[in-house]
Amino acid sequence: MRKLGLIGGMSWVSTRTYYERINRGVQRASEEGHASAPLLIESLDFSHLYGLREDAEWDRAALVLSESAQRLEQAGAGALMICANSMHKVYDRVAASVSIPIIHIADCVGREMQEAGATDAALFGTRNVMTESFYRQRLVAHGVDLMPPDSDVIDQIDRVIYDDLMRGKATREAERMFKTLITRKEQDGAKAIVLACTELELVIDVDANVLPIFDSTRAHCDAAIQWLTGG
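The name that an unreviewed UniProt entry assigns to the chain is Amino acid racemase, with the source organism given as Tsuneonella suprasediminis.

See below:
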């Protein structure tokens, strides 16, 4: 199999999920059932990449991720993944720093939604993912119609993600909050939900909900498995 590089640690919680899902998928794809994924993982210190707001902070993040990408390429990775939705804000600059492809998480979600014919989707994620164009435009390019974010819940969602989920803390309160939000979105006309945060599966049941759920982590990992196995 080819060797895949993962830029992780943003947070370690979701990087753990990537490692497990990719390896389970590769194992299922192997004939004898004993294969594991050839992965290079650089787990960054998230305390230096947390809650970025100013342009200068994002410039620094772009440099940190670019240097990580270069190290993984030099170590033998044939392709890379940035294991965080919000960090795809600097995707173009990181991709320009290496000569190997970086598999974009929103493209993976967009293709999955396009194949399913999903429309009128509501997107949940961190503040910058929900409100800025760098992520939403990728989905729209795949023919996905997105509902505008609800300004009254952006802070609440952002706080739960950063203060709880990225620390591995999943509470019943957060589960109830998202269940209510999804029900409200259905009432507003949403026909699908995009989980554009790699930790949201901790508190949202992807397989049992009132609307179809498109989980960015699953879509990204499925693309990794396909790339690794040559599918």
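There is more to say after this.
Next up on the list: the packing of aromatic side chains. Overall, the coordinates contain four aromatic pairs when judged by the stated rule. The interplanar angle of 90 degrees and the centroid separation of 6.1 Å between the aromatic rings of F46 and Y50 together place this pair among those described as edge-to-face. With a centroid separation of 6.4 Å and 85 degrees between ring planes, the pair formed by F134 and Y135 is classed as edge-to-face. For the pair formed by F134 and Y135, the shared burial category is buried. An aromatic cluster of at least three residues, connected via ring pairs, comprises F46, Y50 and Y162. Geometry around W227 places R2 over its ring, the cationic atom sitting 4.4 Å from the centre. For the cation-ring pair, K89 lies above W58, with the distance from its terminal atom to the ring centre recorded as 5.4 Å.

Viewed as axis vectors pointing N to C, helix α7 (residues 154-163) and helix α8 (residues 172-187) meet at an angle of 145 degrees, and their least axial separation amounts to 12 Å. Along this stretch, α7 crosses α8, giving a crossing that reads as left-handed. Touching Q156, I157 and V160 of α7 are A174, M177, F178 and L181, all from α8. Its residues placed into classes, the contact of α7 with α8 shows six nonpolar, one polar and no charged.

The next thing to look at is the sheet that holds strand β3 (residues 79-82). On the basis of which strands lie adjacent, the open sheet formed by three strands has the order β2-β1-β3 and parallel pairing. The strands lining the two open edges of the sheet, one partner per strand, are β2 (39-43) and β3. Each neighbouring strand pair of the sheet contributes to a mean axis angle of 20 degrees, computed without reference to strand direction. Here strand β1 (residues 4-8) runs beside β2; their pairing, made up of five bridges, is parallel. Looking across to β2, one finds that G8 is bridged to S43. Along the sheet, helix α1 (residues 12-29) contacts β1, β2 and β3; its crossing angle with β2, the most-contacted strand, is approximately 175 degrees.

This brings us to the pairing of β3. Residue alternation in β3 divides its side chains into two sets, A79 and M81 and L80 and I82, and both sets are buried. Pairing of β1 with β3, which is carried by four bridges, proceeds in the parallel orientation. Counted as the bridge partner of G5 is L80 from β3.

Volume-wise, the largest pocket comes out at about 160 Å³. Together, C108, R111, E112, E115, A219, D222, A223 and Q226 line the largest pocket. Among the domains, domain 1 (4-104 + 219-229) and domain 2 (106-216) are the pair contributing at least three residues each to the lining of the largest pocket.

Taken as a whole, this structure holds 14 salt bridges when the rule is applied. Between D215 and R218 there is a salt bridge, with its nearest N and O atoms 4.0 Å apart. Taking the relative accessible area as the measure of exposure, D215 reaches 2% and is therefore buried. Salt bridges sharing common partners tie together D92, D107 and R138.

Our next topic: empty space enclosed by the protein. Taken as a whole and judged by the stated rule, the model has three cavities of 30 Å³ or more. Lining the largest cavity, in full, are L123, F124, M130, P148, P149, D150, V153, I154, I157, L181 and K185. Of all elements in the fold, only β4 (121-125), α7 and α8 reach the threshold of two or more residues within the lining of the largest cavity. Grouping the amino acids of the lining of the largest cavity by side-chain chemistry returns nine nonpolar, no polar and two charged. M10, A84, N85, S86, T126, M166, A196, C197, T198 and E199 together form the lining of the second largest cavity. Class assignment for the residues of the lining of the second largest cavity results in five nonpolar, four polar and one charged. Residues from two domains meet in the lining of the second largest cavity; each of domain 1 (4-104 + 219-229) and domain 2 (106-216) gives at least three.

Rules and cut-offs
- Residues numbered from 1 in each chain as written.
- Predicted model: local features only at pLDDT ≥ 70, side-chain atom pairs only at ≥ 80, totals over all residues.
- Heavy atoms only, no water.
- Phe/Tyr/Trp six-rings, centres within 6.5 Å; stacked < 30°, edge-to-face > 60°.
- Buried < 20%, exposed > 50% of the residue type's maximum accessible area, 1.4 Å probe, protein only.
- Lys NZ or Arg CZ within 6 Å of the ring centre and 35° of its normal.
- Axes fitted to C-alpha atoms, helices over the stretch in contact; angles between N-to-C directions.
- Helix = DSSP H or I, 4+ residues; strand = E, 2+ residues; numbered from the N terminus.
- Left-handed = near helix turned anticlockwise from the far one by under 90°.
- Contact = heavy atoms within 4.5 Å.
- Nonpolar A, V, L, I, M, F, W, Y, C, P; charged D, E, K, R; others polar.
- Pairing = 2+ DSSP bridges.
- 1 Å grid on protein atoms, 1.4 Å probe; cavity = no way out; pocket = protein on both sides within 12 Å on 5 of 7 lines; lining within 4 Å.
- Points joined across faces, edges and corners; volume = space filled by probe spheres on them.
- Domains from an automatic or database assignment.
- Salt bridge = Lys/Arg side-chain N within 4 Å of Asp/Glu carboxyl O.

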